[in-house]
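Here is what each chain is made of, one letter per residue.
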Amino acid sequence: MQTLVASDRLGSFAFDMLASSIAFFFYQFIQLLVMSKFSPLANSVLTPIVKAFTIVTLNLFYGDRISVISASGIVLSVGGGYLFTRAKSAQKKAEDTLKKTT
């Protein structure tokens, strides 16, 4: 804090903190609106996929490298979401078929 005051950057820091807080609020608010349209199970699947997408997007934007471990985690997260969606779809088809036959 003393360094910010001494370098006359306290105002800039305060503005950055305020802008970041407002942006984070709207991010959370919009995420809540979108996620309220889905079931809790879909929320638990979508959240890691959204985070993986955010990580990849920011890494590309800032030009950061993605380590092998990070890439494995991203692939695992997105792949798990994809496989869950496929399994849920197959389960729904099986239930619909069972209802038609009874």
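Residues numbered from 1 in each chain as written. Predicted model: local features only at pLDDT ≥ 70, side-chain atom pairs only at ≥ 80, totals over all residues. Heavy atoms only, no water.

### A look at the packing of helix α3 (residues 40–62) against helix α4 (residues 68–101)
At a closest axis distance of 9 Å, the pairing of α3 and α4 adopts a crossing angle of 145°. As for how α3 packs across α4, the hand of that crossing is left-handed. In this structure, α3 uses Leu41, Val45, Pro48, Ile49, Ala52, Ile55 and Val56 to contact α4, whose residues at the interface are Ile74, Ser77, Val78, Gly81, Phe84 and Lys88. Here the contact of α3 with α4 is composed, by residue class, of ten nonpolar, two polar and one charged. (Axes fitted to C-alpha atoms, helices over the stretch in contact; angles between N-to-C directions. Helix = DSSP H or I, 4+ residues; strand = E, 2+ residues; numbered from the N terminus. Left-handed = near helix turned anticlockwise from the far one by under 90°. Contact = heavy atoms within 4.5 Å. Nonpolar A, V, L, I, M, F, W, Y, C, P; charged D, E, K, R; others polar.)

### What about α4?
The terminal C-alpha atoms of α4, which comprises 34 residues, lie 49 Å apart, in line with the 50 Å expected from a rise of 1.5 Å per residue. As for α4, its buried residues are in contact with α3. (Expected span 1.5 Å × (residues − 1).)

### A few points about α3
Within an α-helix, residues lying three or four positions from one another point in the same direction, as the helix has 3.6 residues per turn. Taking 1.5 Å of rise per residue, the 23 residues of α3 would be expected to cover 33 Å, and the 33 Å separating its terminal C-alpha atoms lies within 8% of that figure. The largest bend along α3 measures about 25° and falls at Leu46, with the proline Pro48 one to four residues further on. Here α3 has its buried residues at Val45, Ala52 and Asn59. On the buried face of α3, the contacting elements are α4. Of the residues trailing α3, Gly63 is marked for its positive phi of about 75°. (Bend = angle between axes of the 7 residues up to and from the residue. Buried < 20%, exposed > 50% of the residue type's maximum accessible area, 1.4 Å probe, protein only.)

### So, the side chain of Asn59
Positionally, Asn59 belongs in helix α3. For Asn59, the contacting residues outside a window of four places in its chain are Asp64 and Ile66.

### Here we look at the packing of aromatic side chains
This structure, assessed with the given rule, holds four aromatic pairs. Judged by centre distance (6.1 Å) and plane angle (35°), the ring pair of Phe24 and Tyr27 falls under tilted. Of this pair, Phe24 and Tyr27 both sit in helix α2 (residues 10–35), three residues apart, roughly one helical turn. For Tyr27, a relative accessible area of 38% puts it in the partly exposed group. Ring geometry for Phe61 and Tyr62: centres 4.9 Å apart, planes at 85°, overall edge-to-face. Taken individually, Phe61 and Tyr62 each receive the classification exposed, so the pair is uniform in this respect. (Phe/Tyr/Trp six-rings, centres within 6.5 Å; stacked < 30°, edge-to-face > 60°.)

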